[in-house]
Amino acid sequence: MEQSVLSLRHGPESLVQVVRAVLHTAVVFPGKQDIGMTGLTVKCEEETKSVEPKPEKKHKEPRLAKEVSLTVEDFESVPSYLRGRLTYDQINAVIQGINKAVLGKYKILHQPLKSMNFAVRKLYHRFLEEETKDTKGEFFFVEADIEHFARLKMDRRFHSILSILRHCRKVREVRGSRLVRYVIC
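These numbers come from a predicted model, not from an experiment.

Undergrad: Before we move on, could you go through the overall build of the protein and cite the residues and values that matter?
TA: Within the protein, the secondary structure is distributed over eight helices and five strands. Reading the helices (α) and strands (β) of the protein from amino to carboxyl end gives α-α-β-β-α-α-α-α-β-α-α-β-β. For the protein, with 185 residues in total, the buried portion stands at 29%. Of the accessible surface of the protein, which amounts to about 13800 Å², a share of 53% is contributed by carbon and sulfur atoms.

Structural data, given as structure tokens:
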């Protein structure tokens, strides 16, 4: 540190060399240094350079699928005959399982076909067969997806939770060709 301060006392030529070295590293290694300025200007006797640091690109992970969510207000608006003895926490546990299944399904659907093994490719083709013109472009799941990805049982309690989600308009039912598809709204 003391040596760099002493070298700056030798004159403006050494200061220009230090600034050029900093600018060179800023150009060669963008985004690797922390410079608190938006732009640096180097003035020499005959030349003027202006270097603007490039804005960093933020890579967002693409959102693969919609997620179901239920607020406390939605839960309280459900009539008691639909709710029964279900609690908000029990419903949210099932909703997390549904979201896990939907994300797993659409993660497979967005994979390149060549990167899949036989079992995953079999699932991929099943997912394509389940899609109809009514569900084209929509995020949906079937009971087999829930059993495979979330390991939830398809019992009476699960179906009552689905009816609560239908009542709150978080999920709608599309029936046809031997399957019941639940489309996320």
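Anyway, onward from the coordinates.
Undergrad: How would you explain the nonpolar core if you had to name every residue and give the values?
TA: Side chains of a nonpolar character, in soluble globular proteins, are inclined to be buried together. Counting residues in each nonpolar core, the largest one holds 37 residues, and the members touching the most others are Ile 91, Ile 98, Phe 141 and Leu 165. It is helix H5 (residues 88-109) that provides the largest number of residues to this core, a total of nine residues. If we skip the residues at most four places from it in the chain, Ile 91 touches Leu 70, Phe 75, Leu 86, Ile 161 and Ile 164.

Undergrad: Mind laying out the packing of aromatic side chains, listing which residues take part and the relevant values?
TA: Per the counting criterion, the structure on display carries four aromatic pairs. Its guanidinium or amino end placed over the ring of Phe 140, Lys 105 lies 3.7 Å from that ring's centre, counting from NZ or CZ.

Undergrad: Tell me about unusual backbone geometry, residues and numbers included.
TA: A negative phi angle is the norm for most residues apart from glycine, just as the trans form is the norm for most peptide bonds. Even without being a glycine, Arg 151 presents a positive backbone phi close to 55°. Secondary-structure assignment places Arg 151 in the loop between helix H7 (143-150) and helix H8 (156-167). Unlike most non-glycine residues, Arg 169 shows phi in positive territory, near 60°. Within the element layout of this structure, Arg 169 appears in the loop between H8 and strand E4 (171-176). Judged by its relative accessible area of 69%, Arg 169 is exposed.

Undergrad: Quick rundown of the confidence of the model for the protein? Include the residues and the values.
TA: This prediction gives the protein a mean pLDDT of 80; 67% of its residues lie at or above 70. Model confidence for the protein, summarised as mean pLDDT per element, is weakest for strand E1 (residues 40-43) at 49 and strongest for H8 at 95. Note that residues 44-48 has pLDDT below 50 and, in this model, six contacts with residues that lie over four places away or in other chains.

Undergrad: A description of H8 should follow, citing residues and the corresponding values.
TA: With 12 residues, H8 should cover 16 Å at 1.5 Å per step; its first-to-last C-alpha distance of 16 Å lies within 8% of that length. Three or more residues of H8 are buried, namely Phe 158, Ile 161, Leu 162, Ser 163, Ile 164 and Leu 165. Phi turns positive, to about 60°, at Arg 169, one or two residues after H8.

Undergrad: Please give an account of the packing of H5 against H8 that cites residues and values.
TA: For the pair H5 and H8, the least separation of the axes is 11 Å and the interaxial angle reads 90°. Considered as vectors, H5 and H8 are oriented roughly perpendicular to each other. Residue-level inspection shows Gln 90, Ile 91, Val 94, Ile 95 and Ile 98 of H5 in contact with H8, the latter providing Arg 157, Phe 158, Ile 161, Leu 162, Ile 164 and Leu 165.

About the cut-offs
- Residues numbered from 1 in each chain as written.
- Predicted model: local features only at pLDDT ≥ 70, side-chain atom pairs only at ≥ 80, totals over all residues.
- Heavy atoms only, no water.
- Helix = DSSP H or I, 4+ residues; strand = E, 2+ residues; numbered from the N terminus.
- Buried < 20%, exposed > 50% of the residue type's maximum accessible area, 1.4 Å probe, protein only.
- Areas by Shrake-Rupley, 256 points an atom, 1.4 Å probe, with all protein chains shown as cover.
- Core = buried A, V, L, I, M, F, W, Y, C linked by side-chain atoms within 4.5 Å.
- Contact = heavy atoms within 4.5 Å.
- Phe/Tyr/Trp six-rings, centres within 6.5 Å; stacked < 30°, edge-to-face > 60°.
- Lys NZ or Arg CZ within 6 Å of the ring centre and 35° of its normal.
- pLDDT = per-residue confidence, 0-100.
- Expected span 1.5 Å × (residues − 1).
- Axes fitted to C-alpha atoms, helices over the stretch in contact; angles between N-to-C directions.
- Parallel < 35°, antiparallel > 145°, perpendicular 65-115°, else oblique.

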